[in-house]
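A closer look at the structure
As a plain string of letters, each chain reads:
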Amino acid sequence: MSQRLDVSEWEFLIGYPLEEAEQVLREEAVDYQVIVTAAPKRQASHEELDDADSVCVIAVRSGSPLTLVCAGHDWNVS
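These figures come from a predicted structure and were not determined experimentally.

Residue S64 is joined to P65 through a cis peptide bond whose omega torsion reads 0°. By the element assignment, P65 lies in the loop between β4 (55–61) and β5 (66–72). Even without being glycine, A29 reaches a positive phi, approximately 55°. In this fold, A29 is placed in the loop between α1 (18–27) and β3 (32–37). A29 sits in the exposed class, given a relative accessible area of 67%.

Attention now moves to the environment of I14. Structurally, I14 can be placed in the loop between β1 (10–11) and β2 (16–17). Classification of I14 by relative accessible area gives exposed; the value is 68%. Separated by 44 residues in the primary sequence, I14 and I58 place their C-alpha atoms 4.2 Å from one another. Among residues more than four places away in sequence, those in contact with I14 are V57 and I58.

Attention now goes to the nonpolar core. By size, the foremost hydrophobic cluster in this structure holds nine residues: L18, A21, L25, V55, V57, V60, L66, L68 and C70. Of all elements in the fold, only α1, β4 and β5 reach the threshold of two or more residues within this core. When near neighbours in sequence (up to four residues on either side) are disregarded, V60 contacts E9, W10, E11, L13, L66, T67 and L68. In terms of nonpolar packing, the next biggest core, distinct from the first, is built from five residues, C56, A59, V69 and A71 among them.

Of the residues making up α1, those classed as buried are L18, A21 and L25. Projected down its long axis, α1 carries its buried residues within an arc of 65°, all on one side. Facing away from the buried surface of α1 by more than 90 degrees, the exposed residues are R26 and E27. Structurally, α1 contributes buried residues whose contacts are with β2, β3, β4 and β5. Just beyond α1, the residue with positive phi is A29, at close to 55°.

Criteria and cut-off values
- Residues numbered from 1 in each chain as written.
- Predicted model: local features only at pLDDT ≥ 70, side-chain atom pairs only at ≥ 80, totals over all residues.
- Heavy atoms only, no water.
- Helix = DSSP H or I, 4+ residues; strand = E, 2+ residues; numbered from the N terminus.
- Buried < 20%, exposed > 50% of the residue type's maximum accessible area, 1.4 Å probe, protein only.
- Contact = heavy atoms within 4.5 Å.
- Core = buried A, V, L, I, M, F, W, Y, C linked by side-chain atoms within 4.5 Å.
- Arc of directions from axis to C-beta.

What is shown is where atoms sit, not what they do.
The structure is reproduced here in structure tokens:
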């Protein structure tokens, strides 16, 4: 059974640094989870994910916990 999501639950923050988002959420004591995505036919590398500067938030879904959808900066699909 698929879950239907209301589009209004999403906010888009293309390029917001994950490290800064996590800092704000910790300061505000907000429960959150991080979901990592990548360009089509590509997986995010461990090196890319370990480097907080190379991961950015692309969307936020409200709820409990708050969901941060993140991706690396490199969306090259060549």
